[in-house]
Amino acid sequence: MTKAKVAPSILSADFSAMGEAIKEIERAGADLVHCDVMDGSFVEPITFGGQMVKNIRKITALPLDVHLMIEHPKTQIKFFADAGADIITVHYEACKKISPTYLKETLELIKSYGVKCGAVINPDTPAEAIFDVIDLCDMVLVMSVFPGYGGQKFIPTSLENVKKVREYALSIGKGDIDIEIDGGVTCGNAEEIRAAGANVLVAGSAVFGAPDKAAAIDKIRG
Ligand code: DX5
Ligand code: ZN
């Protein structure tokens, strides 16, 4: 397995000083910038939209990993692709409410813009739910908390989903797929998470709350 990557979540940054926050995690060795987009409907809070991603795009060369926690994601793909997202992930749970094929259609739409795509599953969604779209995905995002807020406690059973996705991906010849984990990742549990097969670790409070962000990123990356 290649070296793990760390994607600090800017949800834990000071939104009034976002530029400085991005520069800080860049200097600290972040591999990607994880952008949590929330719509006040799929999840309770509202964060930001394409304009924020567009502004961040101008100040960093790091890949922008856009996690859409929104209803009707298909309607928003254009804005995030145009804003310069490198990867866009969409929730299985939001898509299945619309139609059985909506997730597949959304992933294909993301790819049509030349942007990498991924499916996201909540902690109580079995990994099998997205097996039929894994061949389309550059990444699978396994949630290890219920989406909406930073600073929640890691749900250990989510590692079962990581293992199942890795096993299934291997069985279809896509063993090199990125598996990202998001929620409650700390310097203390990162090793166990990597061992389960996740290779992209999102960390919000564990990075932004650390006195030494570079040391925290190094520790999470392993
Ligand atoms: C939760 C978000 C996460 C969150 C992670 O809904 O998707 O990306 O910011 O924050 P921590 O690492 O603090 O759990
Ligand atoms: Zn996220």
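Structure shown above.
All figures in this text were calculated on a predicted structure; none of them were measured in a lab.

**Topic: the overall build of the chain**
Next, step 1: When helices and strands are counted, the chain shows 9 helices and 8 strands.
Next, step 2: In terms of C-alpha radius of gyration, the chain reaches 16 Å, essentially the compact-globule figure of 17 Å for 222 residues.
Next, step 3: Along the longest, intermediate and shortest principal axes, the C-alpha atoms of the chain span 45 × 35 × 30 Å.
Next, step 4: Carbon and sulfur atoms make up 54% of the accessible area of the chain, which amounts to about 9400 Å² in all.
Next, step 5: Across the chain, the mean location of the 23 positive side-chain charges is 3 Å away from that of the 30 negative side-chain charges.

**Thoughts on the environment of Ile 70**
Next, step 1: You can see Ile 70 is positioned in the loop between strand S3 (64–69) and helix H3 (77–83).
Next, step 2: Measuring from C-alpha to C-alpha, the distance between Ile 70 and Leu 11 comes to 15 Å, with 59 residues separating the pair along the chain.

**Some words on the sheet that holds strand S2 (residues 33–38)**
Next, step 1: The strand order across the open sheet formed by 8 strands is S1-S8-S7-S6-S5-S4-S3-S2, and the pairing between neighbours is parallel. At either margin of the open sheet sits one strand with a lone partner, and together these are strand S1 (5–8) and S2. Neighbour to neighbour, the strand axes of the sheet diverge by 25° on average, direction disregarded.
Next, step 2: On top of the sheet, helix H6 (residues 158–171) reaches strand S5 (116–121), strand S6 (139–143) and strand S7 (178–182); it is set at about 170° to S7, its chief contact.
Next, step 3: Taken strand by strand, helix H9 (residues 213–221) contacts S1 and strand S8 (200–203), and its axis lies near 135° from that of S1.

**Considerations on the coordination of the zinc ion (ligand 2)**
Next, step 1: Around the zinc ion (ligand 2), the protein contributes the donor atoms His 34 (NE2), Asp 36 (OD), His 67 (ND1) and Asp 182 (OD), at 2.0 to 2.3 Å from the metal centre.
Next, step 2: Given 6 donor atoms and angles of 69 to 171° at the metal, the environment of the zinc ion (ligand 2) is assigned as octahedral.
Next, step 3: Counting gaps between the donor residues of the zinc ion (ligand 2) yields the pattern H-x1-D-x30-H-x114-D. A residue pair is termed long-range when its members are at least 10 positions apart, and His 67 in strand S3 and Asp 182 in strand S7 qualify at 115 residues.
Next, step 4: Given the relative accessible area of 0%, His 67 is considered buried.
Next, step 5: For Asp 182, a relative accessible area of 8% gives the class buried.

**Considering the environment of Leu 159**
Next, step 1: Mapped onto the fold, Leu 159 is located in helix H6.
Next, step 2: Measuring from C-alpha to C-alpha, the distance between Leu 159 and Val 142 comes to 8.4 Å, with 17 residues separating the pair along the chain.
Next, step 3: Residues within four places of Leu 159 in sequence aside, it is in contact with Phe 154, Ile 181, Glu 192, Ile 193 and Ala 196.

**Considering the site of ligand 1**
Next, step 1: Contacts to ligand 1 come from 20 residues, most closely from Asp 36, Gly 148, Asp 182, Gly 204 and Ser 205.
Next, step 2: Taking Gly 184, its main chain carries an N or O atom lying 2.8 Å from an oxygen atom of ligand 1.
Next, step 3: At a separation of 2.7 Å, an oxygen atom of ligand 1 approaches a polar backbone atom of Gly 204.
Next, step 4: Protein chains shield 100% of the accessible area of ligand 1, which is 380 Å² for the free molecule.
Next, step 5: Those elements that provide at least two residues to the shell around ligand 1 are S2, S3 and S8.

**Quick notes on the packing of helix H1 (residues 18–27) against helix H2 (residues 50–59)**
Next, step 1: Between H1 and H2, the shortest axis-to-axis distance is 10 Å and the interhelical angle comes to 50°. On the basis of the axis angle, H1 is oblique to H2. With respect to the hand of their crossing, H1 and H2 are arranged in right-handed fashion. Listed contacts from H2 to Met 18, Gly 19, Ile 22, Lys 23 and Glu 26 of H1 are Met 52, Ile 56 and Ile 59.
Next, step 2: The residue inventory of the contact of H1 with H2, partitioned by class, reads 5 nonpolar, 1 polar and 2 charged.

**Focus: the side chain of Thr 106**
Next, step 1: Its location among the elements puts Thr 106 in helix H5 (residues 102–112).
Next, step 2: Overall, the relative accessible area of 0% leaves Thr 106 in the buried class.
Next, step 3: Dropping the residues within four chain positions of it, Thr 106 is found in contact with Pro 73, Lys 74, Ile 77, Val 90 and Cys 95.

**Remarks on the side chain of Thr 60**
Next, step 1: Tracing the sequence through the fold places Thr 60 in the loop between H2 and S3.
Next, step 2: With a relative accessible area of 6%, Thr 60 lands in the buried category.
Next, step 3: Of note is the side chain of Thr 60, whose polar atom sits 2.4 Å from the side chain of Glu 26.
Next, step 4: When sequence neighbours within four positions are dropped, the list of residues in contact with Thr 60 reads Ile 22 and Glu 26.

The rules we used
In this numbering scheme, every chain counts its residues from 1 along its sequence in written order. Chains carry letters and ligands carry numbers; both start at the beginning, A for chains and 1 for ligands, and go up in the order they are written. Thresholds applied to this predicted model are a pLDDT of at least 70 for local features of residues and 80 or more for the giving and counting of side-chain atom pairs; totals over whole chains, interfaces and linings are not thresholded and use all residues. To obtain the side-chain values, all non-hydrogen atoms of the structure were included, while hydrogens and water were left out. In DSSP terms, a helix is any run of H or I states spanning at least four residues, a strand is any run of E spanning at least two, and both are numbered starting from the N terminus. We take the radius of gyration over the C-alpha atoms and set the globule estimate at 2.2 Å times the residue count to the 0.38 power. Per-residue and other accessible areas follow the Shrake-Rupley method at a 1.4 Å probe size, with only the shown protein chains counted as cover for residues. For the purpose of charge, His is not counted, nor are the chain termini; Lys and Arg are scored as positive and Asp and Glu as negative. In plain terms, the charge of a residue is placed at NZ if it is Lys, CZ if Arg, CG if Asp and CD if Glu. Strand pairing is assigned whenever DSSP identifies at least 2 bridges connecting the two strands. Interaxial angle, 0 to 180 degrees, is taken between N-to-C directions of lines fitted to C-alpha atoms, where a helix line uses only the stretch in contact. Here a residue-residue contact requires only that any non-hydrogen atoms of the pair lie within 4.5 Å. A donor here means an N, O or S atom no more than 2.8 Å from the metal, or no more than 3.2 Å when the metal is Na, K or Ca. Since water is not included, a site may seem to lack partners. Geometry is assigned from donor-metal-donor angles: four donors are tetrahedral when every angle falls between 85 and 135 degrees, four are square planar and six octahedral when opposite donors sit over 155 degrees apart with all other angles between 65 and 115, and any other arrangement is irregular. Only protein chains enter the area calculation, which uses a 1.4 Å probe; residues under 20% of their type maximum are buried, those over 50% are exposed, and those in between are partly exposed. Each residue is tested against the molecule or strand, and it is near if at least one of its non-hydrogen atoms lies within 4 Å. In protein, a polar contact requires one atom able to donate a hydrogen and another able to accept it; more generally it is a pair of N or O atoms within 3.5 Å, and residues adjacent in sequence count only if both atoms are side-chain atoms. Any angle that is under 35 degrees is reported as roughly parallel, and any over 145 degrees as roughly antiparallel; angles of 65 to 115 degrees are reported as roughly perpendicular and all others as oblique. Less than a right angle of anticlockwise turn of the near helix away from the far helix marks a crossing as left-handed, whereas a clockwise turn marks it as right-handed. Throughout, the ten residues Ala, Val, Leu, Ile, Met, Phe, Trp, Tyr, Cys and Pro are labelled nonpolar, Asp, Glu, Lys and Arg are labelled charged, and all others, Gly among them, are labelled polar.

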